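Residues per chain, in single letters:
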Amino acid sequence: MKIETIQLNEKKPQVTLTAYLLDDSPEMLKGKARPAVIICPGGGYFSCSDREAEPVALQFAMMGYHAFVLKYTTYSEAGMGLPDLSKPLAVKEETLYPTQIRELGEALLLIKKHAQEWKVDAKRIAVCGFSAGGHNAALYATSWNKPVLTEFFDTAPEELRPACVILGYPLTDYVYLQKEIANKQNPMDAAFMKASNVAFLGKEEPERALLEMASPVYQVDEQTPPVFVWATAADPLVSSTHSLKLAEKLAENQVPYELHIFAEGGHGLSLATQASSEAASQINPAVSRWTELCSTWLEKYFELPLSEQTAIEQMQKKK
């Protein structure tokens, strides 16, 4: 495997795309291109979680796909530290919507530019994300054909379209989120969400038009790519209702999707195995099955270009 980190923005050294490129082999694909997955870690738009970055990339690599981790613009320029949530958060214009979906578009176009060199199947690139990163991936996947991206990149919409989408406990409806914030039992959760609104939208209580513009559920149309989404019913921070609302809109627009809601488990479980955990509380064998379920689903769109038989089997057949 070749691992390479590329800085996407000269003015923002923290915005990077890390490629996890599987080596070509005369024993396997023999020079053929592989599909790829771009991963957006979560972090409330304050930071990008390492737990939802490299461990997830290696999981997709194990499935046979190239993987790319996008560290997009966040409120904090480095590390995982949260701002002081007891004080009003200062607005940073450079972190506001639609910066992050445009960085995801830039990443996708960069991969396509290097597709031949990296042996990536340019027609089969997925976007994946968790929590806020899941919001970013979902918003991109429902906006690829809209002026916010097509006019910005001045390119054919199809060049920006992801082949499919993989979402873990995503935030999908900012209008509904405001109601959730008002009903949060834990004041720290409410403060976190309000501050996240400021980091991404510039206000603790944004106007309805902006909330809808930033909500994937309001942007879904019949051209939205197929979606795999999972969440936990016990998530105290981003409720599974966000996944259910997205699934409802996908169904209304006849977009293929697969939805899994696991009964137990908190927020931010990533792989839900020790490979992605900070503490034992983040290990959940039932939830960890999402990767197996996703692998089976993904093969419908990302089946590897394998020969029907091995070289030895072909030789034996000729005899």
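Residues numbered from 1 in each chain as written. Predicted model: local features only at pLDDT ≥ 70, side-chain atom pairs only at ≥ 80, totals over all residues. Heavy atoms only, no water.

With an unreviewed UniProt entry as reference, the protein chain is termed Alpha/beta hydrolase, source organism Enterococcus hulanensis.

Thoughts on the layout of surface pockets
What counts is decided by this rule: A pocket, in this scheme, is an open set of points on a 1 Å grid over the protein atoms alone with protein on both sides within 12 Å along at least 5 of 7 lines, while a cavity is a set where a 1.4 Å probe fits but cannot get out; residues line either one if an atom lies within 4 Å of a point. Grid points are joined across faces, edges and corners, and a volume is the space filled by probe spheres set on the points. Secondary structure counts use DSSP, requiring at least four H or I residues in a row for a helix and at least two E residues in a row for a strand, with both numbered from the N terminus.
Its boundaries defined by the atoms lining it, the largest pocket holds a volume of some 460 Å³. Residue lining of the largest pocket: 25 residues in total, with Gly 43, Gly 44, Phe 192, Leu 237 and His 267 positioned closest to the centre. It is helix H7 (residues 187–201) that contributes the most residues to the lining of the largest pocket, four residues altogether. The space that makes up the second largest pocket amounts to roughly 210 Å³. As for the second largest pocket, its lining consists of Pro 26, Glu 27, Met 28, Lys 30, Leu 306, Ser 307, Glu 308, Gln 309, Thr 310, Ala 311 and Ile 312.

Re a nonpolar patch on the surface
The condition is simple: Without a salt bridge and with relative accessible area above 30%, a residue can belong to a patch; like charges are then joined within 9 Å and nonpolar side chains (Val, Leu, Ile, Met, Phe, Trp, Tyr) within 5 Å. Accessible areas in this description were obtained via Shrake-Rupley with a 1.4 Å probe; residue shielding takes into account the shown protein chains only. Note on definitions: salt bridges are taken to be side-chain nitrogens of Lys or Arg within 4 Å of carboxyl oxygens of Asp or Glu. Exposed residues in this analysis have more than 50% of their type's maximum accessible area, buried residues have under 20%, and partly exposed residues fall in between, with area computed by a 1.4 Å probe over protein chains only.
A cluster of nonpolar side chains, contributed by Met 1, Ile 3 and Leu 58, occupies part of the molecular surface with about 270 Å² of accessible area. By secondary structure assignment, the location of Leu 58 is in helix H1 (residues 54–62). The partly exposed category is assigned to Leu 58, whose relative accessible area is 38%.

Some details on the packing of aromatic side chains
Put simply, the rule is: Pairing of aromatic rings covers Phe, Tyr and Trp, the last counted by its six-membered ring, and requires centre-to-centre distances within 6.5 Å; plane angles under 30 degrees mean stacked, over 60 mean edge-to-face, and any other angle means tilted.
Per the counting criterion, the structure on display carries 16 aromatic pairs. Relative to Phe 153, the ring of Phe 152 has its centre 5.0 Å away and its plane inclined at 90 degrees; by these criteria the two rings are edge-to-face. Accessibility expressed as a relative area gives 47% for Phe 152, which makes it partly exposed. Both rings, one in Trp 297 and one in Tyr 301, keep their centres 5.1 Å apart while their planes meet at 55 degrees; by these two values the pair is tilted.

So, helix H4 (residues 132–141)
Burial analysis of H4 places ten of its ten residues in the buried class, the great majority of the element. All of the buried residues along H4 are Ala 132, Gly 133, Gly 134, His 135, Asn 136, Ala 137, Ala 138, Leu 139, Tyr 140 and Ala 141.

Here we look at the sheet that holds strand E4 (residues 66–71)
Working definition: the strands of a sheet are paired by backbone hydrogen bonds and lie parallel or antiparallel to each other. This is how it is decided: In short, DSSP must find at least two bridges between two strands for them to pair. Comment: axis = line fitted to C-alpha atoms, over the contacting stretch for helices; angle = value between 0 and 180 degrees taken between N-to-C directions. A contact between two residues is defined here by any heavy atoms of the two lying within 4.5 Å.
The eight strands are arranged E1-E2-E4-E3-E5-E6-E7-E8 in an open sheet whose pairing can be described as mixed. Edge positions in the open sheet fall to strand E1 (2–9) and strand E8 (257–262), since each of these has one partner strand only. Looking at each pair of strands side by side, their axes are set apart by 15 degrees on average, direction ignored. Against the sheet, H4 engages strand E3 (34–40), strand E5 (120–130) and strand E6 (165–168), with an angle of about 135 degrees to E5.

Regarding the environment of Asn 197
Mapping Asn 197 onto the fold places it in helix H7. Asn 197 sits 51 residues away from Glu 248 along the chain, and the two C-alpha atoms are 24 Å apart.

Re the packing of helix H6 (residues 174–183) against H7
Stated formally: Note on angle classes: values under 35 degrees are labelled roughly parallel, values over 145 roughly antiparallel, values of 65 to 115 roughly perpendicular, and the remainder oblique. Helix crossings get a hand from a simple test, with the near helix turned counterclockwise from the far one by less than a right angle marking a left-handed crossing and a clockwise turn marking a right-handed one. Throughout, the ten residues Ala, Val, Leu, Ile, Met, Phe, Trp, Tyr, Cys and Pro are labelled nonpolar, Asp, Glu, Lys and Arg are labelled charged, and all others, Gly among them, are labelled polar.
At a minimum axis separation of 10 Å, H6 and H7 run at an interaxial angle of 150 degrees. Here H6 is positioned roughly antiparallel relative to H7, judged by the angle of their axes. When you trace H6 past H7, the crossing you get is left-handed. Side by side, H6 and H7 meet where Tyr 174, Leu 177, Gln 178 and Ile 181 of the first sit next to Ala 190, Met 193, Lys 194, Asn 197, Phe 200 and Leu 201 of the second. Taken together, the residues of the contact of H6 with H7 break down into seven nonpolar, two polar and one charged.

Structural notes on the packing of helix H2 (residues 99–113) against H4
Between H2 and H4, the shortest axis-to-axis distance is 9 Å and the interhelical angle comes to 70 degrees. By the criterion of interaxial angle, the relationship of H2 to H4 is roughly perpendicular. For the pair H2 and H4, contact is made by Gln 100, Ile 101, Leu 104, Gly 105 and Leu 108 and by Asn 136, Ala 137, Leu 139 and Tyr 140, respectively. In the contact of H2 with H4, the residues fall into six nonpolar, three polar and no charged.

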